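The residues making up each chain are set out below.
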Amino acid sequence: MTVQPAADNFRTLPAHTAMANTVRFLAADAVEKAKSGHPGMPMGMADVATVLFSRFLKFDAADPNWPDRDRLVLSAGHGSMLLYALLYLTGYEAMTLDELERFRQWGSKTPGHPEYGHTPGIETTTGPLGQGLATAVGMALAERLLNARLGDDVVDHFTYVMAGDGCLMEGISHEAISLAGHLKLSRLIVLFDDNQITIDGATSLSCSDDQLIRFLASGWSVRRVDGHDHDAIAKAIAEERETNRPSLIACRTVIGYGAPTRQGTEKVHGAPLGSDELAKARAALDWPHASFEVPEELLTRWRAVGARGRIARHDWMERLGRLDEFERESVVNALKSELSDEVGFALRAIEARFADERPKIATRQASQRVLEAITQAAPNLLGGSADLTHSNLTLTGAQQPVRPGAYGGSYIHYGIREHAMAAAMNGIALHGGFIPYGGTFLAFSDYSRPAIRLAALMGLRVIHVMTHDSIGLGEDGPTHQPVEHLAALRAIPNLLVFRPADAVETAQAWDCALGARQQPSILCLSRQALPVLDRDSASENAVARGAYLLAEPESARDVTLIATGSEVTIAVDAAEQLGKRGITAAVVSAPCFELFAKQDAAYRAKVLGLAPRIGIEAAIEGAWAGLLGDSGEFVGMTGFGASAPAAELYSQFGITADAVAAAAERVIARVNEQPPSAAT
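Residues numbered from 1 in each chain as written. Predicted model: local features only at pLDDT ≥ 70, side-chain atom pairs only at ≥ 80, totals over all residues. Heavy atoms only, no water.

Draft legend 1. How the structure looks around the overall build of the chain. Looking only at helices and strands, one finds 26 helices and 20 strands in the chain. Rg of the C-alpha trace for the chain: 28 Å, near the compact-globule value of 26 Å for 680 residues, within the 12% margin. Taken over the C-alpha atoms alone, the chain extends approximately 95 × 55 × 45 Å along its principal axes. Out of the 680 residues in the chain, the part that is buried amounts to 60%. Across the chain, the fraction of contacts at a sequence separation of at least 24, relative to all contacts at a separation of at least 6, is 78%. A total of about 25,600 Å² of accessible surface is found on the chain, and carbon and sulfur atoms cover 50% of it. (Helix = DSSP H or I, 4+ residues; strand = E, 2+ residues; numbered from the N terminus. Rg over C-alpha atoms; globule rule 2.2 N^0.38 Å. Buried < 20%, exposed > 50% of the residue type's maximum accessible area, 1.4 Å probe, protein only. Contact = heavy atoms within 4.5 Å. Areas by Shrake-Rupley, 256 points an atom, 1.4 Å probe, with all protein chains shown as cover.)

This is how it looks when you write it as structure tokens:
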């Protein structure tokens, strides 16, 4: 495909063509000024974007957070200038021409890839290819779920995705399109930038897939159009909006459309055009205007596009206003994902019951009891599992499954799709209306990690229930026994990693996770039964402190034993052994390192004390070094696990009360510069 000869000036071009050229050159100019960026995708998809925004997308630039707006996800996040140009042109207040000129600069609203929460109008952070597509599946699912609860008058919108070849090559795309097709998410429309180019060159170098057949096999409606024919694009979108399945529209485009010597090649993907090529593109598309200059007539057209949805928004607000006060408050709370006071009462009650009844159960079982207690009071708590429901124990009696075309349920069978599950939960949280949680094994967190990282980056309340959290799962062996995963997850900023020691801490961890409105959480739960620990009182949420003194000797400490999860019981037993030898040991339970790091210095000093410290966890050392200091010692794993009963594994790997007591004596001896006793 080649660029057609230019018209005399933009006034002789069809309106949509001139509007699309405005997008093209704002994007190209911004990349050129930054000397960094990706002009090819914005220039190639400008026509598709112009048709979508001007004829279909329901939004009001004056209110970027209107709940019933259509969602647009730029899965090919490297093309961020496409979105930024559109936000400026349609009149988003925060997106000024100055911000476009500051593309990729410190403190600008125009970072290299779109960032949710940083730039109004950006629905999700994208950049890692495929994540946006999978996140959009969650958004589209949330829309249907809310619609089933609140009706068309309150929730009735589409989710659009702009995705490239890279998004569809990533493995997460298979999981995502399979899930969307199965659930018949008919309000999801993917606009595929089918330009046949990747960074290395033509897609034929690495891929021979027929994407239309692939999507069709997953239950999608599919078609192909010329991505530079505005009428064909509009016809395709209009018809796909009427299907009963998710839709893929493959838009055959020319990457870098308008750049005479670079269009259609990988050279235009990720580098500025250069002043000569940019000047030639201006001549080819008859764009005689200076860099960042937008003719007033075209800006007026675009601003009218940005205001087109204002009547629809006002009508929506009027419908909301006609509800009685109770109904309106219920709708508003639902849209904001607010939890009722009854959830807090239920959490307090189950925590007190655990403390009173002292059940010796696995923390995954304790988690299920917590969920049984709160799901009745929290209809917006949306559960699920990656085909491990009866292992993760994530389904309760109050929940019904979500089924294809039937969206009244509150539990999602994600299938064996951990990566798509994690990304879809991000989309559900971003959309609003629900607090998502989903289960898998902790060892499989590696499948979910890219989406977990994005949840942390965006500050989303997403809860991952990850069971079988150590060698304590036993016979399934090292493929399923997580040893490095706690350290890897704790390394992600803004992520709360909980490893509760008993049923009481499990209830408290759920309380913390539900209250963390701008942080995702991981609940790492045991397969093996754990006793409820002795504690002075369960009235305070000790887990909220991150770490706390479980047992404090009356006299000065000789050593502090710090443990998490199933190893806290080992620490308690070791303290008893040491006491019989005349050594006073404090025991600290540390269910959440991240929350402990937020405590004030005085509290941290009180918990950690001045005595040498022993860390105990059936995992590699990782972040423990920061807690233990130079004089401390870690008792845990140094390699992978093995297949055997749990008790045998703990013995063979030296994670026992005897081993902890011996380590305590060693560190005390080192501190006191005397040899350990013969008992060691």
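Draft legend 2. The packing of aromatic side chains, seen in detail. Per the stated rule, a full pass over the model turns up 12 aromatic pairs. Here the aromatic rings of Tyr-437 and Trp-510 are separated by 5.7 Å at their centres, their planes lie at 85°, and the arrangement is edge-to-face. With Tyr-437 in strand β11 (residues 435–441) and Trp-510 in helix α20 (residues 503–515), the pair connects residues that are 73 residues apart, well separated along the chain. Tyr-437 gets classed as buried once you look at its relative accessible area, which sits at 0%. On the accessibility criterion, Trp-510 (0% relative accessible area) is buried. (Phe/Tyr/Trp six-rings, centres within 6.5 Å; stacked < 30°, edge-to-face > 60°.)

Draft legend 3. Expanded view of the packing of helix α1 (residues 15–34) against helix α10 (residues 275–284). Here α1 crosses α10 at 170°, and the two axes come no closer than 11 Å. Our classification of the angle between α1 and α10 gives roughly antiparallel. Note on element contacts: α10 touches α1 through Ser-275, Leu-278, Ala-281 and Arg-282, opposite Phe-25, Ala-28, Asp-29 and Glu-32. Taken together, the residues of the contact of α1 with α10 sort by class into four nonpolar, one polar and three charged. (Axes fitted to C-alpha atoms, helices over the stretch in contact; angles between N-to-C directions. Parallel < 35°, antiparallel > 145°, perpendicular 65-115°, else oblique. Nonpolar A, V, L, I, M, F, W, Y, C, P; charged D, E, K, R; others polar.)

Draft legend 4. Quick peek at the pattern of salt bridges. All told, the structure shown has 31 salt bridges when counted by the stated rule. Ionic pairing is found between Asp-194 and Arg-252, a salt bridge with its closest N-O pair at 3.1 Å. In this pair, Asp-194 is assigned in strand β3 (residues 188–194) and Arg-252 in strand β7 (residues 247–252), connecting sequence segments 58 residues apart. Overall, the relative accessible area of 5% leaves Asp-194 in the buried class. According to the relative accessible area criterion, Arg-252 is partly exposed, its value standing at 28%. Because the salt bridges share partners, they merge into one network encompassing Asp-60, Asp-63, Arg-310 and Arg-313. (Salt bridge = Lys/Arg side-chain N within 4 Å of Asp/Glu carboxyl O.)

Draft legend 5. The sheet that holds strand β14 (residues 521–525), seen in detail. Pairing is parallel in the open sheet, where six strands are placed in the order β10-β9-β11-β12-β14-β13. Looking at the sheet topology across the chains shown, the edges are occupied by β10 (411–413) and β13 (496–498). Across the sheet, the mean angle from the axis of one strand to that of its neighbour is 20°, orientation sign disregarded. In this structure, strand β9 (residues 381–385) lies alongside β11, joined through three bridges in parallel fashion. The partner of Leu-382 across the bridge, within β11, is Pro-436. Helix α18 (residues 445–458) rests against β11, β12 (463–467) and β14 of the sheet, and its axis sits at about 165° to β12. (Pairing = 2+ DSSP bridges.)

Draft legend 6. Region of the structure containing the sheet that holds β3. Judged by pairing direction, the sheet is parallel, and its five strands sit side by side in the order β1-β2-β3-β7-β6 without closing on themselves. The open sheet terminates on both sides in strands that have one partner only, identified here as β1 (71–74) and β6 (221–226). Each strand of the sheet is rotated relative to its neighbour by a mean of 20°, with strand direction disregarded. Relative to strand β2 (residues 159–164), β1 runs parallel, the two sharing four bridges. From the neighbouring strand, Val-73 faces β2, where its bridge partner is Val-161.

Draft legend 7. Region of interest: unusual backbone geometry. The backbone of Arg-104 sits at a positive phi, close to 65°, despite the residue not being glycine. Checked against the element boundaries, Arg-104 lands in the loop between α4 (97–101) and α5 (131–150). Residue classification places Arg-104 among the partly exposed positions, given a relative accessible area of 28%. Notably, Leu-393 is not glycine yet its phi reads approximately 60°, a positive angle. With respect to the helices and strands, Leu-393 occurs in the loop between α16 (389–392) and β10.

Draft legend 8. Region of interest: the pairing of β2. In terms of residue burial, β2 counts as a mostly covered element, since six of its six residues are buried. Neither face of β2 is left uncovered, since the one carrying Thr-159, Val-161 and Ala-163 and the one carrying Tyr-160, Met-162 and Gly-164 both have all their residues buried. Sheet topology note: the β2/β3 ladder contains six bridges and is parallel. Each residue of the ladder has a partner; that of Val-161, found in β3, is Val-190.

Draft legend 9. Inspection of empty space enclosed by the protein at higher detail. Following the criterion strictly, the structure yields two cavities of 30 Å³ or more and no others. If you add up the space inside the largest cavity, you get close to 140 Å³. In terms of lining residues, the largest cavity is bounded by 14 residues, among which Leu-57, Asp-70, Tyr-92, Gly-121 and Glu-123 are the most central. When the residues that make up the lining of the largest cavity are grouped by side-chain class, the tally is eight nonpolar, one polar and five charged. Roughly 30 Å³ of internal volume is contained in the second largest cavity. Among the elements that take part in the lining of the second largest cavity, β1 stands out by supplying three residues, more than any other. A per-class count over the lining of the second largest cavity returns six nonpolar, two polar and one charged. (1 Å grid on protein atoms, 1.4 Å probe; cavity = no way out; pocket = protein on both sides within 12 Å on 5 of 7 lines; lining within 4 Å. Points joined across faces, edges and corners; volume = space filled by probe spheres on them.)

Draft legend 10. Main features of the environment of Ser-555. Examined against the element boundaries, Ser-555 turns out to sit in the loop between β16 (548–551) and β17 (559–563). For Ser-555, a relative accessible area of 43% puts it in the partly exposed group.

The analysis is restricted to geometry; functional conclusions fall outside its scope.
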